[in-house]
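A closer look at the structure
The primary structure of each chain is shown beneath.
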Amino acid sequence: MTSSRGEARWVLAMPGAEDLAEPMAVALGEALHRPRIRRFPDGESYVRIEGPCAAATVTVVARLHDPDPKFVPFALAASALKDLGARRICLVAPYLPYMRQDARFQPGEAVSARYFSAMLSPLIDALVTVDPHLHRIDDLARLYPVRCRVVHAAALLAERLRHEVAEPLLIGPDEESEQWVSALGERIGAPVVVLSKIRRGDRDVEIALPPMARWRGRTPVLVDDIISTGHTMTQAIAALAEAGWPAPVCMGIHGLFADDALRRLRAAGAAGIITTNTVDHETNAVDLSGLLASAVADILES
Ligand code: R5P
């Protein structure tokens, strides 16, 4: 496609992001290309770009969860695009990794959120992502010195929830989840409570419930931005069960499901598990490709 600015535009689907990139290319009316990527016998990456690069604007769709093995092929592809003459690169990374280590909690720790931005930003001109984990740093623009668009999943999660649960009580498992659970509560007009969490380690969390008796009779729905090891959700399920609440539905925007998180979540008694397709997973029930395509069109035209 040639844009209103007279430039060639197309979409590059990095491996593992084809299911998002294909509908996005259709929605944008642009051609879709895939890079050729393979590993050399020594483990290094080979990357070849076949789309027309000269003066082009290329939207690269890359799922960057489990980022360490994915970042180098992405960086090589982005560098090749620029080297071959691409004018602008818009990265669509539906899950933006390395956002949680946004401070130095112990002496000597790497502040990964800042350092990852410093590695990624020089490779791109624009960034589109979904509900990044903004906590101590409250604005993505303070971290990423490129043009940014944040897509919010709340509207489509709300739509899904309306079909799923008649009288929900929305529960954020910790203080950090307050922004996401409140956004959902406002959209569906449901009450919201936020639990308190103490995290002692990657797989060691403790959850406490505030007074919730006035909402008895409603179906609990746990809402968080990220499900990683699943310990936050499983501990919240256990705390709810101990207080006599029925099994909750678990909603996560980004379902990373590290290790055996899905099995443990089911074993803990989750009544249902709903995620968006920012991370490709069997629990995906909300497709964000349309919102991502709109965000790309918007950021490239503005
Ligand atoms: C916390 O900072 C996030 O909002 C999630 O609560 C957290 O990432 C969940 O992690 P896990 O599933 O490992 O408990």
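Structural notes, computed from the coordinates.

Reading guide: rules and limits
- Residues numbered from 1 in each chain as written.
- Predicted model: local features only at pLDDT ≥ 70, side-chain atom pairs only at ≥ 80, totals over all residues.
- Heavy atoms only, no water.
- 1 Å grid on protein atoms, 1.4 Å probe; cavity = no way out; pocket = protein on both sides within 12 Å on 5 of 7 lines; lining within 4 Å.
- Points joined across faces, edges and corners; volume = space filled by probe spheres on them.
- Helix = DSSP H or I, 4+ residues; strand = E, 2+ residues; numbered from the N terminus.
- Pairing = 2+ DSSP bridges.
- Axes fitted to C-alpha atoms, helices over the stretch in contact; angles between N-to-C directions.
- Contact = heavy atoms within 4.5 Å.

**A word on the layout of surface pockets**
- Of the voids in this model, the largest pocket is the one considered here, and its volume is about 1,200 Å³.
- Around the largest pocket, the lining comprises 39 residues; the ones closest to its centre are R100, Q101, R199, D202 and S228.
- Looking at the lining of the largest pocket, the element that brings in the most residues is strand β11 (residues 196-201), giving five residues.
- Among the secondary structure elements, those contributing two or more residues to the lining of the second largest pocket are α5 (154-164) and α6 (178-188).
- The leading source of residues in the lining of the second largest pocket is α6, at six residues.

**Some points on the pairing of strand β3 (residues 36-39)**
- Relative to strand β4 (residues 45-48), β3 runs antiparallel, the two sharing four bridges. Bridge pairing links I37 to V47 in β4.
- In this antiparallel pair of consecutive strands, β3 and β4, the connection spans five residues, and G43 shows a positive phi of 95°.

**Some points on the sheet that holds strand β7 (residues 126-130)**
- Spatially, six strands are ordered β2-β1-β5-β6-β7-β8 in an open sheet, and the strand pairing comes out parallel. Looking at the sheet topology across the chains shown, the edges are occupied by β2 (31-33) and β8 (147-151). On average, adjacent strands in this sheet sit at an angle of 20° to one another, irrespective of strand direction.
- Here β7 pairs with β8 via five bridges, running parallel. The partner of V128 across the bridge, within β8, is R149.
- Each of β1 (9-13), β2, β5 (57-61) and β6 (88-92) is contacted by helix α1 (residues 18-28), which is oriented at about 170° to β1, the strand it contacts most.
- Across the sheet, helix α2 (residues 67-83) touches β1, β5 and β6, and the angle it forms with β6 is around 155°.

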